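Residue-level structural notes
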Amino acid sequence: MAFTVRTGIRMLNIKWLLVFSVLWLSGCNALGSPKLGPDGKPLPKIYKLNRQNVAEVKFRMLDAVNALRVAKGIQVLEFNSELNAAAATHARDMSIQNRPWHFGSDGSSPLDRVARVGYEKVFLGETISETYESEITTLTAWINSENTRDVILDPRANELGFAWYQERNGKIWWTMILGGKSLSMVQ
């Protein structure tokens, strides 16, 4: 009789294992195959910023940048409203031009834009991106590139402007501007 009970338990365990295996495998493709573009590559997943609190996105970026700076022994940054305004203007302008570059549609440079908003301290650099990805994924790409990493980790910086513009199709134009102490305080 003990043999029959053990055999029954083993059969029951095997049945449950099969049931769970089938359920697990059926859920593997629950989302379906990714949609492919004309080039045969998967289309990007769209990161919808309009569903998120603007302040949360901005402070998530600031916190992430400051964590990187602290890890390198560099002073933390604070938001500057003038740099935020210059970043917002440029993010929107890149969308209008449909290209990520540092010059405005009116020919303005980053230096021109920070001067226009009344920023009187030192402009140290600008990072930009055209993507469908989140702010943290964008920051990761910036940190993995020497030029943009140098801007973000510039030890002279103590202020940050950060903004984005998202098109209806989901494309996001990110702009980050760093600034520092007034010219009289720069060594």
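Residues numbered from 1 in each chain as written. Predicted model: local features only at pLDDT ≥ 70, side-chain atom pairs only at ≥ 80, totals over all residues. Heavy atoms only, no water.

1. Examining the confidence of the model for the protein chain
Per-residue pLDDT for the protein chain has a mean of 83; in total, 74% of the residues score no lower than 70. Highest mean pLDDT in the protein chain belongs to strand 1 (residues 78-79) (98); lowest belongs to helix 1 (residues 2-27) (54). (pLDDT = per-residue confidence, 0-100. Helix = DSSP H or I, 4+ residues; strand = E, 2+ residues; numbered from the N terminus.)

2. Looking at the packing of aromatic side chains
Aromatic ring pairs are reported here in terms of the distance separating the ring centres and the angle at which the planes meet. One pass over the structure, following the stated rule, counts five aromatic pairs. Residues Phe162 and Trp164 carry aromatic rings whose centres are separated by 5.7 Å and whose planes lie at 50° to one another, so their mutual orientation is tilted. Here Phe162 falls in the buried class, since its relative accessible area comes to 0%. Members of the aromatic cluster, each reached through a chain of ring pairs, are Phe162, Trp164 and Trp174. It is Lys58 that lies over the ring of Phe79; its NZ or CZ is 5.5 Å from the centre. (Phe/Tyr/Trp six-rings, centres within 6.5 Å; stacked < 30°, edge-to-face > 60°. Buried < 20%, exposed > 50% of the residue type's maximum accessible area, 1.4 Å probe, protein only. Lys NZ or Arg CZ within 6 Å of the ring centre and 35° of its normal.)

3. Notes on the sheet that holds strand 4 (residues 172-180)
Reading across the sheet, the four strands line up as 1-3-4-2 and stay open at both edges, with mixed pairing between neighbours. Of all the strands in the sheet, just strand 1 and strand 2 (122-131) have a single pairing partner and so form its edges. Pairing analysis gives nine bridges linking strand 3 (residues 157-166) to strand 4, with the strands arranged antiparallel. Looking at strand 4, one finds that Ala157 is bridged to Gly180. Together, strand 1, strand 2, strand 3 and strand 4 form the strand contacts of helix 3 (residues 81-97), whose direction differs from that of strand 3 by roughly 35°. This element, helix 5 (residues 135-143), spans strand 2, strand 3 and strand 4 of the sheet and lies at about 115° to strand 2. (Pairing = 2+ DSSP bridges. Contact = heavy atoms within 4.5 Å. Axes fitted to C-alpha atoms, helices over the stretch in contact; angles between N-to-C directions.)

4. Brief notes about the pairing of strand 2
The element strand 2 is largely enclosed, with a buried count of eight among its 10 residues. In the sheet, strand 2 pairs with strand 4 via nine bridges, with the strands oriented antiparallel. Paired with Val122 across the two strands is Gly180, which belongs to strand 4.

5. Structural notes on helix 5
Those residues of helix 5 lying buried are Glu135, Thr138, Leu139, Trp142 and Ile143. Viewed along the axis of helix 5, the buried residues span an arc of 140°, placing them on a single side of the element. Tucked into the core, helix 5 has its buried residues touching helix 2 (54-71), strand 2, helix 6 (146-152), strand 3 and strand 4. (Arc of directions from axis to C-beta.)

6. A closer look at the nonpolar core
Counting 23 residues, the largest nonpolar core has Ile152, Trp174 and Met176 as its most contacted members. Secondary structure elements with two or more residues in this core: helix 2, strand 2, helix 5, helix 6, strand 3 and strand 4. Setting aside residues no more than four positions away along its own chain, Ile152 makes contact with Val65, Arg69, Thr127, Leu139, Trp142, Ile143, Met176 and Leu178. Grouped together as the second largest cluster of nonpolar side chains are seven residues, Leu83, Ala87, Tyr119 and Ile177 included. (Core = buried A, V, L, I, M, F, W, Y, C linked by side-chain atoms within 4.5 Å.)

7. Concerning helix 3
Helical geometry: 3.6 residues make up each α-helical turn, so side chains three or four residues apart lie on a common side. Helix length check: helix 3, at 17 residues, gives a terminal C-alpha distance of 24 Å against a target of 24 Å (1.5 Å per residue), a fit within 8%. Looking only at helix 3, the buried set comprises Leu83, Asn84, Ala86, Ala87, His90, Ala91, Asp93, Met94, Ser95 and Gln97. Those residues of helix 3 hidden inside the fold are in contact with helix 2, strand 1, helix 4 (110-116), strand 2, strand 3 and strand 4. Here helix 3 starts with a cap whose side-chain oxygen sits 2.8 Å from the backbone nitrogen of Glu82, and that cap is Asn80. Among the residues trailing helix 3, Asn98 stands out with phi positive, at a value near 55°. (Expected span 1.5 Å × (residues − 1). Polar contact = N/O pair within 3.5 Å; in protein donor to acceptor, adjacent residues only side chain to side chain.)

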